[in-house]
Amino acid sequence: MTTGTRSPSRTQHHRTIKSELTESVHPAWVESMIANLKPDWNGVCESPLFEATVQGPLPEQSWRYVVLEFFGVVEAFPKYMGVTLGKTTFGRRPGDILARDWLIGNIRTEALHAQWFIDWAVGLGVTYDEMVSHRPGPEVAALQEYLWSMAYRGSLAEAFAAINYAIEGTTGEWTRLVIPAFKERFGDDKSGLMWLIEHAEYDDAHPREALELIKITVQGEEERQRVEEVARLSLQLFRRGFDACHRVGTG
């Protein structure tokens, strides 16, 4: 009788992948990138919409526009990651297998996020039909198209920087700023808060892991510079989208 080692389950395997992406000491170029991106990173979290939400009262009309406008980005997030997955070559480049397995696991993780986002919107008085039929304005449409472009045309490191590091990283921060106001607004209705809770309290790992993947997949100084540039533009477009929603909501 022949014996062999049994392959781990998907869940066990995903945990192994995550353990391999534990935060490591940043090389000098990453420290420099983080410092250079700080003004635009902080710029997202300092949007007047978030400041108004923290100060109160909750600007509900602005947030209705946010959930309408950004639903396309949220719904497309696993698709962006699926297109990025198509770039992997199973080991022909450094970090390639790890990137592949991380993407597969996190596409599954993202599966419920669109429904949670809709639940949040419904709690704010936006209907399902309004959500799925809405066409975003130019600012959020520009962000959506840019993320598609990075997933399709960018390198693995560029896609991770623009999509997973910049967008998910700042989302973890701005959701922590606003969630107290939404907990007060929604009270005991936890179903309407799941998207916010997931990103504010449980989703810190994704941008940290994305940064580790950038470190191991980036190739050379020129690509390091591009990684910083694509993350910066992603942050700038994100901020413009929130500001546009707040202008409409308060106009």
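Residues numbered from 1 in each chain as written. Predicted model: local features only at pLDDT ≥ 70, side-chain atom pairs only at ≥ 80, totals over all residues. Heavy atoms only, no water.

A. The arrangement of the overall build of the chain in detail. Along its length, the chain carries 12 helices and zero strands. When its helices and strands are written in sequence order, the chain yields α-α-α-α-α-α-α-α-α-α-α-α. Over its C-alpha atoms the chain spans a radius of gyration of 19 Å, differing by no more than 12% from the 18 Å that the globule rule assigns to 251 residues. With the C-alpha coordinates aligned to their principal axes, the bounding extent of the chain is approximately 65 × 50 × 30 Å. (Helix = DSSP H or I, 4+ residues; strand = E, 2+ residues; numbered from the N terminus. Rg over C-alpha atoms; globule rule 2.2 N^0.38 Å.)

B. How the structure looks around the packing of helix H4 (residues 60-85) against helix H8 (residues 138-153). Across the interface, H4 lies against H8 with an axial gap of 9 Å and an inter-helix angle of 5°. If you check the angle between H4 and H8, you find them roughly parallel. Taking contact as the criterion, the partners of Glu69, Phe70, Gly72, Val73, Ala76, Lys79, Tyr80, Val83 and Thr84 in H4 are, on H8, Val140, Leu143, Gln144, Leu147, Trp148, Ala151 and Tyr152. Counted by class, the contact of H4 with H8 contains 11 nonpolar, three polar and two charged residues. (Axes fitted to C-alpha atoms, helices over the stretch in contact; angles between N-to-C directions. Parallel < 35°, antiparallel > 145°, perpendicular 65-115°, else oblique. Contact = heavy atoms within 4.5 Å. Nonpolar A, V, L, I, M, F, W, Y, C, P; charged D, E, K, R; others polar.)

C. Structural view of the packing of H4 against helix H9 (residues 156-186). H9 packs onto H4 with a crossing angle of 145° between their chain directions and a minimal axis gap of 12 Å. For the pair H4 and H9, the crossing hand works out as left-handed. In contact with Glu60, Trp63, Phe77, Tyr80, Met81 and Thr84 of H4, H9 contributes Leu156, Ala159, Phe160, Ile163, Asn164, Ile167, Glu168, Trp174, Val178, Phe182 and Arg185. For the contact of H4 with H9, the per-class residue count stands at 12 nonpolar, two polar and three charged. (Left-handed = near helix turned anticlockwise from the far one by under 90°.)

D. Examining the pattern of salt bridges more closely. A full pass over the atoms with the stated rule returns 12 salt bridges. Here lysine 79 and glutamate 75 are joined by a salt bridge, their closest N and O atoms 2.7 Å apart. Residue lysine 79 and its partner glutamate 75 are both found in helix H4; the two are separated by four residues, about one turn of the helix. Exposure remark for lysine 79: the relative accessible area of 40% places this residue in the partly exposed category. Shared partners join several salt bridges into a network, and the residues in it are Asp40, Glu228 and Arg232. (Salt bridge = Lys/Arg side-chain N within 4 Å of Asp/Glu carboxyl O. Buried < 20%, exposed > 50% of the residue type's maximum accessible area, 1.4 Å probe, protein only.)

E. Broad picture of unusual backbone geometry. Geometrically, the link from glycine 56 to proline 57 is a cis peptide bond, its omega value of -5° lying close to zero. Summarising the element assignment, proline 57 is placed in the loop between helix H3 (48-55) and H4.

F. Focus on the packing of aromatic side chains. In total, this model carries 21 aromatic pairs according to the counting rule given. When the ring of tryptophan 41 is compared with that of tyrosine 165, the centres are 5.1 Å apart and the planes differ by 45°; the resulting orientation is tilted. Placement of the pair is tryptophan 41 in helix H2 (residues 28-45) and tyrosine 165 in helix H9, with a sequence separation of 124 residues. Tyrosine 165 carries the same exposure label as tryptophan 41, and that label is buried. Consider the rings of phenylalanine 70 and phenylalanine 242, whose centres lie 4.7 Å apart with planes at 25°: the pair is stacked. Linking phenylalanine 70 in helix H4 with phenylalanine 242 in helix H12 (residues 220-250), this pair joins segments that are 172 residues apart in sequence. Take phenylalanine 70 and phenylalanine 242: they sit in the same class, and that class is buried. (Phe/Tyr/Trp six-rings, centres within 6.5 Å; stacked < 30°, edge-to-face > 60°.)

G. Inspection of the environment of glutamate 46 at higher detail. With respect to the secondary-structure elements, glutamate 46 resides in the loop between H2 and H3. Contact partners of glutamate 46, with chain neighbours within four places excluded, come to Glu51 and Arg239.

H. Summary view of the nonpolar core. Among the nonpolar cores identified, the biggest contains 73 residues, and Trp63, Phe70, Trp120 and Trp174 are the most heavily contacted of them. Among the elements that line this core, the one with the most residues is H9, at 15 residues. Excluding its chain neighbours within four sequence positions, the residues that come into contact with tryptophan 174 are Val44, Cys45, Phe50, Trp63, Trp120, Trp195, Leu196, Phe238 and Phe242. (Core = buried A, V, L, I, M, F, W, Y, C linked by side-chain atoms within 4.5 Å.)

I. Region of the structure containing H3. Those residues of H3 not exposed but buried are Leu49, Phe50 and Thr53. Down the axis of H3, the smallest arc covering the buried residues is 95°, so these residues share one side. Looking at the residues trailing H3, positive phi occurs at glycine 56, about 75°. (Arc of directions from axis to C-beta.)

J. Molecular detail of the side chain of threonine 170. Along the polypeptide, threonine 170 turns up in helix H9. There is a polar contact of 3.4 Å between the side chain of threonine 170 and the backbone oxygen of isoleucine 167. Apart from the residues within four sequence positions on either side, threonine 170 is in contact with Trp41, Val44, Cys45, Tyr165, Leu235 and Phe238. (Polar contact = N/O pair within 3.5 Å; in protein donor to acceptor, adjacent residues only side chain to side chain.)

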